[in-house]
Amino acid sequence: MHEMIMPKYKKYKSSGNDSLGEIPEHWNILKLKYLLRSKAGYAFSSESYTDEGIPLVRISDVLQDGTVSLNNAPRLPKKYKIFLAEYSTKDGDILMAMTGGTIGKVSTFSGSQIALLNQRVCKFEPLDNFSKKLAWFWMNSAYWKQHIDLKSIGGAQPNISDNEIMQMYIAIPSSPTEQKAIAKFLDKKTTQIDEAIAIKKKQIELLKERKQIIIQQAVTQGLNPAVPMKDSDVDWIGEIPEHWQVKRAKYLFNEIDERSENGDEELLSVSHLTGVTPRSEKSVTMIAEDYSGSKTCQKNDFVMNIMWAWMGAMGVSDRPGIVSSAYSIFRQTPLETFNPVYLEWLMKTVGYIEHYNKVSTGLHSSRLRFYSRMFFDMEIGYPSRNEQDEIVTHIEKQSFKIDEAVELQKQQIEKLKEYKTTLINSAVTGKIKVPEVDSEIN
């Protein structure tokens, strides 16, 4: 339902505020200080943090989904109970981030546990003349966010005071019944929109899972389900087509340890999510200034991060470059044995990653290492190069269709989010008259 087909009030008046525009004739313009009570948190020293005690809510604990999480919140010793009377938050309080990239982010604190607030989080309590639910929607309106952006100060780390916020003008109906009707309508509609978004997000996950299943099946079992199969006698390979080969990696690859003379080549990184990619595309600070003597790789080299191989941090490079000395670099022998795309998909399938986990050495996951000798001892099951090419072509066609479907779902999610924002803003500013408002109200 769009704004243009929603009913409007019979009579409007000028609000005297360009951002608010016209408002229903019977509504009032008030400063927030007459509608809300605010209280910013306290600058507790991080040196006082403990593992147990009173939880402290920081801006990072005020989540984008409108909730507050204490899972990663630090604790303060019980002696800080003296601050609870003034700087605590309880079930139902509306909290807002007052600084940083998420400034204006609003969430509701819930649960029986009481927590303290640090200085960058502020709580807002509606007074008796302001519906709490309507206050929540006002604070999630485009008008509110625009005011925060306009009045915040600072550059990379903008901030705003609760005193500044309290000077904001908003328009509301004086009738508690009408306030509750607007809030009830928005609560129902936004819940429906959020549910629709959640369904689409689930559809995206299912599509991505489908894509991985297609890749997994094709690179480990081929494209013909009727082809005779054989037992590879290797746990992580399982059954493969009868005509496929199984060889140890030492007969298929050579380890490469070539070094850069001046370090001018492109710096590459390896992760389990993106494979081999330029470091410039990562949000990683460059530490070294001189990369001369660094390991180099060439296009189609298989590069493995030995520290994170157990997570699938490996890939085939699509370009020459320099990499960390903590990486292992392997080159096919002969060079055309593997289609580079097929090779990367195969080496990141579930069975192979389970093998990396099994044989890697270390006391715990952050210390596991998958060394070159472990790679060379590993069997690999694979078809001819021609069949690999056919598999890659098939997967890319299927992936294209799935990626298109994922993109469509993402676009629909963005439209739903835009509609939700428009709906909230239109309802709280009186641009539309919600059906729940009594018919006798003009």
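Procedures and definitions
- Residues numbered from 1 in each chain as written.
- Predicted model: local features only at pLDDT ≥ 70, side-chain atom pairs only at ≥ 80, totals over all residues.
- Heavy atoms only, no water.
- Buried < 20%, exposed > 50% of the residue type's maximum accessible area, 1.4 Å probe, protein only.
- Helix = DSSP H or I, 4+ residues; strand = E, 2+ residues; numbered from the N terminus.
- Arc of directions from axis to C-beta.
- Contact = heavy atoms within 4.5 Å.
- 1 Å grid on protein atoms, 1.4 Å probe; cavity = no way out; pocket = protein on both sides within 12 Å on 5 of 7 lines; lining within 4 Å.
- Points joined across faces, edges and corners; volume = space filled by probe spheres on them.
- Nonpolar A, V, L, I, M, F, W, Y, C, P; charged D, E, K, R; others polar.
- Axes fitted to C-alpha atoms, helices over the stretch in contact; angles between N-to-C directions.
- Parallel < 35°, antiparallel > 145°, perpendicular 65-115°, else oblique.
- Core = buried A, V, L, I, M, F, W, Y, C linked by side-chain atoms within 4.5 Å.
- Phe/Tyr/Trp six-rings, centres within 6.5 Å; stacked < 30°, edge-to-face > 60°.
- Pairing = 2+ DSSP bridges.

Participant: Got a minute to help me understand helix H3 (residues 142-151) in this structure?
Facilitator: An α-helical segment advances 3.6 residues per turn. Residues three or four places apart therefore align on the same side. Within the span of H3, buried status applies to Tyr143, Trp144, His147 and Ile148. Looking straight down H3, one finds its buried side chains confined to an arc of 140 degrees; they lie on one side. Facing away from the buried side of H3 by over 90 degrees, the exposed positions are Asp149 and Leu150. Here the buried face of H3 lies against strand E8 (94-97), helix H2 (132-138), helix H4 (162-165), strand E12 (169-173) and helix H9 (385-428).

Participant: Where do I start with empty space enclosed by the protein in this structure?
Facilitator: Gaps between atoms show up when a probe of the same size as a water molecule is rolled over them. Counted according to the given criterion, the structure contains 1 cavity of 30 Å³ or more. Counted as a void, the largest cavity has a volume near 40 Å³. In this structure, the largest cavity is lined by Val219, Thr220, Ile237, Ile240, Trp244, Leu346, Tyr352 and Gly381. Partitioned by chemical class, the residues of the lining of the largest cavity number 6 nonpolar, 2 polar and no charged.

Participant: When you look at the environment of glycine 66 in this model, what are you seeing that I'm missing?
Facilitator: In this fold, glycine 66 is placed in the loop between strand E5 (54-57) and strand E6 (75-76). According to the relative accessible area criterion, glycine 66 is buried, its value standing at 14%. With 28 residues separating them in the primary sequence, glycine 66 and isoleucine 94 have C-alpha atoms 9.5 Å apart. If near-sequence neighbours (up to four positions away) are discounted, glycine 66 is found in contact with Val106, Ser107, Thr108 and Trp136.

Participant: For this particular structure, what's the right way to read the packing of helix H6 (residues 340-347) against H9?
Facilitator: Each pair of packed helices can be described by the angle between their axes along with the distance between the axes. One can describe the packing of H6 onto H9 by two numbers: an axis separation of 9 Å at closest approach and a directional angle of 75 degrees. What the angle tells us is that H6 and H9 run roughly perpendicular. Residues Pro340, Val341, Tyr342 and Trp345 of H6 lie in contact with H9, whose contacting residues are Arg385, Gln388, Ile391, Val392, Ile395 and Glu396. Tallied by class, the residues present in the contact of H6 with H9 amount to 7 nonpolar, 1 polar and 2 charged.

Participant: Even after reading the chapter, I still don't get the nonpolar core, so can you show me in this structure?
Facilitator: Ranked by internal contacts, the top residues of the largest apolar core, which has 89 residues, are Ile165, Phe253, Phe302, Met347, Phe375 and Ile380. Excluding residues that lie within four positions of it along the chain, phenylalanine 375 makes contacts with Ala249, Phe253, Phe302, Met304, Phe330, Met347 and Phe370. Among the nonpolar cores identified, the runner-up in size contains 12 residues, and Val57, Val62, Leu95 and Val121 belong to it.

Participant: I keep staring at the packing of aromatic side chains and nothing clicks. Help me out?
Facilitator: Aromatic ring pairs are defined here through the distance separating the ring centres and the angle between the ring planes. For the coordinates displayed, the defined rule picks out 22 aromatic pairs. For the pair phenylalanine 302 and phenylalanine 330, a centre-to-centre distance of 6.4 Å together with 35 degrees between the ring planes defines the contact as tilted. Residue phenylalanine 302 is found in strand E21 (residues 302-305), and its partner phenylalanine 330 is found in strand E24 (residues 327-332); the two are separated by 28 residues along the sequence. As far as burial versus exposure is concerned, phenylalanine 302 and phenylalanine 330 are alike and both buried. A centroid spacing of 4.3 Å and a plane angle of 35 degrees characterise the contact between phenylalanine 330 and phenylalanine 375, whose relative ring orientation is tilted. Note that phenylalanine 330 is positioned in strand E24 and phenylalanine 375 in helix H8 (residues 372-376), a separation of 45 residues in sequence. Judged by its relative accessible area of 0%, phenylalanine 375 falls in the buried class.

Participant: Looking at this structure, I do not really get the pairing of E24. What am I missing?
Facilitator: Both faces of the sheet carry side chains from a regular strand, because those side chains alternate between them. Within E24, 6 of the 6 residues are buried, leaving the element largely enclosed by the surrounding structure. Pairing of strand E16 (residues 253-255) with E24, which is carried by 3 bridges, proceeds in the antiparallel orientation. Counted as the bridge partner of phenylalanine 253 is glutamine 332 from E24. When E21 meets E24, the two strands line up antiparallel, connected through 4 bridges. Bridging from a neighbouring strand, phenylalanine 302 pairs with phenylalanine 330 of E24.

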